[in-house]
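Each chain, letter by letter, is given below.
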Amino acid sequence: MSQPPAASSFAAKQLAQTRSHTTAPFGANVIVSSARDGAVIDAICDAGVRFVTTSAGNPARFVDQLKSRDIVVYHVVPSVAAARKAVDAGVDGLVVEGGEGGGFKSPDDVSTLVLLQAVRRAVDVPLVAAGGVVGGSGMAAAFALGAQGVQMGTRFLLSRESPIHPSYKAALLEASETGTVMLNRTSKPAVRALKTAVAQRVLDNGGVLPPEAFARITELYFGGDLDASVACAGQSVGLIDQELPVAEIVSHTIEEYFDVMARLAEQFASRSF
């Protein structure tokens with residue numbers, strides 16, 4: 001969650017809204033560079049959240065505060081250097097996010113396939129792979145490269161329960177694997193988004209996002225106006241061909257994972273490919 005003015009009250013409202021829809025455990029994300037102080041952390045802890053991911057900044061700012069409240073903390077990293085720094089700061093694990101993923105990225109993007117292997121060699125904490133994963137085959141590949149879990153963003157944007165506007169969902173469903181572009185490479189943060197007219201205008205102006213790039217983001221997300229802002233999405237959008245309920249996405253992912261692993265087990269047993 002981002003931190004606008006009165007961040008702690010905003011966070012408390014969002015957390016309460018989430019809790020009103022479920023009795024299941026849920027986590028929260030803290031964009032470190034946007035969090036002005038520890039008040040938003042207190043709001044998260046007071047809401048009973050037990051798992052937090054931190055991103056876009058040095059997690060050392062909030063690790064002690066979170067862990068003193070028995071919160072499990074994972075930090076999102078785009079490089080080996082960032083992974084080592086986060087582990088030194090005391091995080092419990094890492095979300096290893098490759099350049100395929102949508103939204104805010106490092107301008108020096110590395111694919112999940114390479115990054116996951118490199119981070120696994122460098123640190124000895126649990127890893128969650130993010131970027132390019134939409135189902136069980138991607139999950140099996142991530143586990144083979146050293147991950148203990150996967151994070152799927154774009155896949156869940158196209159879930160039945162996702163609150164984004166049908167027009168946004170339609171644009172995601174129509175996109176191919178080449179249907180996204182990286183913007184803002186010469187600045188920070190870079191952003192992977194759909195190749196919409198808005199994104200093309202940014203590219204035509206040197207690829208640098210203007211300061212007001214996200215001022216009307218809610219009009220895109222919930223109003224369906226694709227001209228209001230850049231529409232974030234990962235390259236995995238080209239692997240998704242239907243909107244499904246969350247329960248089906250999860251069950252299909254697990255079923256496909258075990259199907260893939262069973263096939264690989266047969267190959268292993270026979271020592272053949």
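For the structure itself, look to the data block above.
Residues numbered from 1 in each chain as written. Predicted model: local features only at pLDDT ≥ 70, side-chain atom pairs only at ≥ 80, totals over all residues. Heavy atoms only, no water.

Asks: How should the overall build of the chain be read in this particular structure?
Replies: When you go through the chain residue by residue, the secondary structure sums to 11 helices and 9 strands. Here the chain has a C-alpha radius of gyration of 19 Å; the compact-globule value for 273 residues is 19 Å, and the two agree. Overall size of the chain, expressed as C-alpha extent along the three principal axes, is 60 × 45 × 40 Å. Each of the 273 residues in the chain was classed as buried or not, and the buried ones make up 43%. As presented, the chain carries roughly 13800 Å² of accessible surface, and 56% of it is formed by carbon and sulfur atoms. Both charge centroids of the chain, one from 23 positive and one from 27 negative side chains, sit 4 Å from each other. (Helix = DSSP H or I, 4+ residues; strand = E, 2+ residues; numbered from the N terminus. Rg over C-alpha atoms; globule rule 2.2 N^0.38 Å. Buried < 20%, exposed > 50% of the residue type's maximum accessible area, 1.4 Å probe, protein only. Areas by Shrake-Rupley, 256 points an atom, 1.4 Å probe, with all protein chains shown as cover. Lys, Arg positive; Asp, Glu negative; His and termini not counted. Charge placed at Lys NZ, Arg CZ, Asp CG, Glu CD.)

Asks: Sorry, what's going on with the sheet that holds strand S4 (residues 93-97) here?
Replies: Paired through their backbone hydrogen bonds, the strands of a sheet run either parallel or antiparallel. Spatial ordering of the open sheet is given by S1-S2-S3-S4-S6-S7, a layout of 6 strands whose pairing is parallel. In the strand order of this sheet, the two ends are held by strand S1 (28-31) and strand S7 (149-151), each with one partner. Taking each pair of neighbouring strands and ignoring which way they run, the sheet shows an average axis angle of 25 degrees. As paired elements, strand S6 (residues 127-130) and S7 share 3 bridges and run parallel to each other. In the sheet register, Ala130 faces S7, and the bridge partner there is Gln151. (Pairing = 2+ DSSP bridges. Axes fitted to C-alpha atoms, helices over the stretch in contact; angles between N-to-C directions.)

Asks: When you look at the pattern of salt bridges in this model, what are you seeing that I'm missing?
Replies: Two side chains carrying opposite charge are able to pair once their charged atoms lie near each other. Scanning the model with the defined rule gives 9 salt bridges in all. For Arg69, the salt bridge goes to Asp42, with nearest N and O atoms at 3.9 Å. Here the residue Arg69 occupies a position in the loop between helix H3 (63-67) and strand S3 (72-77), and Asp42 occupies one in helix H2 (residues 39-46), the gap between them amounting to 27 residues. Exposure remark for Arg69: the relative accessible area of 33% places this residue in the partly exposed category. Given the relative accessible area of 33%, Asp42 is considered partly exposed. A salt bridge links Lys67 to Asp92; the shortest N-O distance between them is 2.7 Å. Within this pair, whereas Lys67 is found in helix H3, its partner Asp92 is found in the loop between helix H4 (80-89) and S4, the two being separated by 25 residues in sequence. By relative accessible area, Lys67 is classed as partly exposed at 31%. Judged by its relative accessible area of 27%, Asp92 falls in the partly exposed class. A single network of salt bridges, built from pairs that share partners, joins Asp42, Asp46 and Arg69. (Salt bridge = Lys/Arg side-chain N within 4 Å of Asp/Glu carboxyl O.)

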